[in-house]
Amino acid sequence: MTISADIESGDHAAFATSPAPFDQGVAELYQALLVPILFEPYAAEMAIAADRSKPGSVLELAAGTGALTRALRATLDPPTEIVATDLSQAMIDIGAPSVTMSRTHWMHADAQNLPFAPEMFDLVICQFGAMFFPDKVKAYGEAERVLRGKGRFLFSTWDSLAANDFASCVDECLANLFPSDPPDFLRRLPYSYFDPGQIKAQMSSAGFKAVTCDRLELTSVAATAHDVAVAFCRGTPLRGEIEWRAPERMSEIVDEVAGRVEARYGACPSGGMSALVVTGHVS
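In what follows, the accompanying structure is described. Position numbers for residues count from 1 along each chain, tracking the sequence in the order it is written. In view of the model being predicted, local features appear only for residues whose pLDDT reaches at least 70, and side-chain atom pairs are presented and counted only at 80 or more, with totals across whole chains, interfaces and linings using the full set of residues. Note: side-chain values were computed over all heavy atoms of the structure, leaving out hydrogens and water.

### Describing empty space enclosed by the protein
One simple way to see leftover space: roll a probe sized like a water molecule over the atoms.
Part 1 of the reasoning: Think of a 1 Å grid over just the protein atoms. A cavity is a set of points where a 1.4 Å probe fits yet cannot get out, a pocket is an open set with protein on both sides within 12 Å along at least five of seven lines, and lining residues have an atom within 4 Å of a point. Grid points are joined across faces, edges and corners, and a volume is the space filled by probe spheres set on the points. Tallied over the entire structure, the rule returns one cavity of 30 Å³ or more.
Part 2 of the reasoning: Counted as a void, the largest cavity has a volume near 40 Å³.
Part 3 of the reasoning: If you go around the largest cavity, the residues you meet are Leu-38, Asn-164, Asp-165, Phe-166, Ala-167, Tyr-191, Ser-220, Phe-232, Gly-271, Gly-272 and Met-273.
Part 4 of the reasoning: Secondary structure counts use DSSP, requiring at least four H or I residues in a row for a helix and at least two E residues in a row for a strand, with both numbered from the N terminus. Within the residue set of the lining of the largest cavity, elements represented by two or more residues are helix H6 (165-177) and strand E7 (270-281).
Part 5 of the reasoning: Amino acids are sorted into nonpolar (Ala, Val, Leu, Ile, Met, Phe, Trp, Tyr, Cys and Pro), charged (Asp, Glu, Lys and Arg) and polar (every other residue, Gly among them). Grouping the amino acids of the lining of the largest cavity by side-chain chemistry returns six nonpolar, four polar and one charged.

Here it is, written out as C-alpha cells:
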C-alpha cells in the first residue's frame, strides 16, 4: 500500500482529540512574524540536509505552520511523498493551505503515538519540535519504528538562550518587568534542550545509531524591533503567561520589549541564532 493510501485509510480517532498547544490567534502571529524571523533560515538549511539522502518518503513531526514543509517541497525531488504532522490543529489549519502540491499530505498527529505502520518512511524530520515532546525517548522510538532500513531521523533544537540574541533579549526584558514572577516559557521549553550528551543518550536509547549533534549558527533579521516583540510576546505561548500576570498591560509590555530590542540590535534588528542539528540512523 502506498503512503497516500495508508493515510486515506488511517484511523484518525485515536489522536484527533489531542490538545492543541497553540490557539488560532497565536498561530496566525506565529506564521506572520515568528516564522520569517526564526524558522525560515533554518528551514532552508534543514531541507538541504534532508535532500542529501534523496528520500522517497518523508514524515515531518511538529510541522507547525509549514516553514520546513515548504522548504522541503521546494528542495526535494518532485516525486517525494511528504507527510506533515502537528499536534495543533490551529497550526495545520494555517499551514496546510500554503502547501497544496501533490504528494504533500497534512495530518493531526502526536509524535509520541504515530498513526503509521512500521517502516513506512525513508526520512523522519522535525524542526524545533523535539523540545516540546514530554517523553522524548518515546517520540524518538516512534520515529525509529516508522523508518525503513537505512532510514534517517533528522531534527533541530535550539541552543541555549544565551546563544540566541532576540530570545535572550525578550526573556531578559520580561524578567525585569516581572521580577518576582518572570514569564519563563522560553527558558523552560524552546531553549531548554541543548545538551549533546543528553540528546545522544536519548537517541541511542530509542535505537538510533551513529548519532551526531552539529551546531549551526545563522543570522535572524526582522523588519522592525516591534515585529520581534510581537512575534515572541503574542505569537508564542508567552502570550498566555503575560496575559495571566497583567492582561491589561500587553500593549505596554510589547512596547517595552520592542524598545529593548531596538536599543540593543537597531531599528531593523539583526541578531545571532544558534541551534543543534541532530542526525541518527536506523542501521
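Picking up after the structure, the text goes on.
### Section: the side chain of Asn-164
Part 1 of the reasoning: Within the fold, Asn-164 resides in the loop between strand E5 (147-158) and H6.
Part 2 of the reasoning: In protein, a polar contact means a hydrogen-donor-capable atom and an acceptor-capable atom, both N or O and within 3.5 Å, with residues adjacent in sequence counting only if both atoms are side-chain atoms; elsewhere, any N or O pair within 3.5 Å suffices. A distance of 2.9 Å separates a polar atom in the side chain of Asn-164 from the backbone oxygen of Ser-160.
Part 3 of the reasoning: Not counting chain neighbours up to four residues away, the residues in contact with Asn-164 comprise Trp-158, Asp-159, Tyr-191, Gly-272, Met-273 and Ser-274. The criterion used for residue contact is that any of the two residues' heavy atoms lie within 4.5 Å.

### Points about the nonpolar core
Most often, soluble globular proteins have nonpolar side chains that are buried together.
Part 1 of the reasoning: What we call a nonpolar core is a set of buried Ala, Val, Leu, Ile, Met, Phe, Trp, Tyr and Cys residues that are connected through their side-chain atoms within 4.5 Å. Each residue gets one of three labels from its accessible area relative to the maximum for its type: buried under 20%, exposed over 50%, partly exposed in between, using a 1.4 Å probe on protein chains only. Among the nonpolar cores identified, the biggest contains 93 residues, and Tyr-140, Phe-153, Phe-155, Trp-158, Phe-208 and Phe-232 are the most heavily contacted of them.
Part 2 of the reasoning: With residues near it in sequence (within four places) discarded, Phe-155 still touches Met-46, Cys-126, Ala-130, Tyr-140, Tyr-193, Ile-199, Met-203, Leu-276, Val-277 and Val-278.
Part 3 of the reasoning: Ala-63, Ala-84, Ile-92 and Trp-106 belong to the second-largest nonpolar core, a separate cluster that totals five residues.

### Considerations on the layout of surface pockets
Part 1 of the reasoning: By volume, the second largest pocket is sized at about 210 Å³.
Part 2 of the reasoning: Along the walls of the second largest pocket sit Glu-45, Met-46, Ala-49, Arg-52, Arg-152, Leu-154, Asp-214, Arg-215, Leu-216, Val-277 and Thr-279, which together make up its complete lining.
Part 3 of the reasoning: Contributing elements (two or more residues each) for the lining of the second largest pocket: helix H2 (24-51), E5, strand E6 (209-221) and E7.

### Focus on the pattern of salt bridges
Part 1 of the reasoning: Salt bridges, as used here, are contacts in which a Lys or Arg side-chain nitrogen is within 4 Å of a carboxyl oxygen on Asp or Glu. For the structure on display, the rule yields 13 salt bridges.
Part 2 of the reasoning: Residues Glu-172 and Arg-264 are paired through a salt bridge, measuring 2.7 Å at the closest nitrogen-oxygen approach. Residue Glu-172 is found in helix H6, and its partner Arg-264 is found in helix H11 (residues 250-265); the two are separated by 92 residues along the sequence.
Part 3 of the reasoning: Judged by relative accessible area, which is 31%, Glu-172 ranks as partly exposed.
Part 4 of the reasoning: Between Glu-243 and Arg-239 there is a salt bridge, and its shortest N-O distance comes to 3.5 Å.

### Comments concerning the pairing of strand E1 (residues 57-61)
Part 1 of the reasoning: Most of E1 is tucked away, with five of its five residues classed as buried.
Part 2 of the reasoning: Along E1, one buried face is formed by Ser-57, Leu-59 and Leu-61 and the opposite face, lined by Val-58 and Glu-60, is buried too.
Part 3 of the reasoning: Strand pairing is assigned whenever DSSP detects at least two bridges linking the two strands. Note that E1 and strand E2 (residues 81-86) share four bridges and pair parallel. Bridge pairing in E2 links Val-58 to Ile-82.
Part 4 of the reasoning: Bridging between E1 and strand E4 (residues 121-127) involves four bridges; their strand directions are parallel. Its bridge partner being in E4, Leu-59 is matched across the sheet by Val-124.

### Focus: unusual backbone geometry
Part 1 of the reasoning: A positive phi angle, near 50°, is found at Lys-54, a position not held by glycine.
Part 2 of the reasoning: Looking at the element boundaries, Lys-54 is found in the loop between H2 and E1.
Part 3 of the reasoning: Phi at Phe-128 is positive, roughly 55°, even though this residue is not glycine.
Part 4 of the reasoning: As for its position among the elements, Phe-128 is in the loop between E4 and helix H5 (136-146).

### Section: the packing of H5 against helix H8 (residues 196-205)
Part 1 of the reasoning: To get an axis, fit a line to the C-alpha atoms, keeping to the stretch in contact for a helix; angles then go from 0 to 180 degrees between the N-to-C directions. Here H5 crosses H8 at 50°, and the two axes come no closer than 8 Å. Here H5 is positioned oblique relative to H8, judged by the angle of their axes. As for the relative orientation of H5 and H8, their crossing is right-handed in sense. Of the residues in H8, those touching H5 at Lys-136, Val-137 and Tyr-140 are Gln-202, Met-203 and Ser-205.
Part 2 of the reasoning: Of the residues assigned to the contact of H5 with H8, the class counts are three nonpolar, two polar and one charged. Should an angle fall under 35 degrees it is taken as roughly parallel, and over 145 as roughly antiparallel, whereas 65 to 115 is taken as roughly perpendicular and any remaining angle as oblique. For any pair of crossing helices, the crossing counts as left-handed if the nearer helix is rotated counterclockwise from the farther one by less than a right angle, and right-handed if it is rotated clockwise.

### Examining the packing of aromatic side chains
Part 1 of the reasoning: Working definition: a ring pair exists when centres of Phe, Tyr or Trp rings (six-membered ring for Trp) sit within 6.5 Å. Plane angles under 30 degrees give stacked, over 60 give edge-to-face, the rest tilted. Scanning the model with the defined rule gives 14 aromatic pairs in all.
Part 2 of the reasoning: With centroids separated by 5.1 Å and ring planes inclined at 40°, the aromatic side chains of Phe-153 and Phe-155 adopt a geometry described as tilted.
Part 3 of the reasoning: Relative to Tyr-191, the ring of Trp-158 has its centre 5.5 Å away and its plane inclined at 25°; by these criteria the two rings are stacked. Within this pair, whereas Trp-158 is found in strand E5, its partner Tyr-191 is found in the loop between helix H7 (185-188) and H8, the two being separated by 33 residues in sequence. For the residue pair Trp-158 and Tyr-191, the accessibility class agrees, reading buried in each case.
Part 4 of the reasoning: The ring of Tyr-193 carries Lys-136 above its face, with NZ or CZ at 4.9 Å from the centroid. Note on criteria: charge over ring means Lys NZ or Arg CZ within 6 Å of the ring centre, with the direction from the centre no more than 35 degrees off the ring normal.

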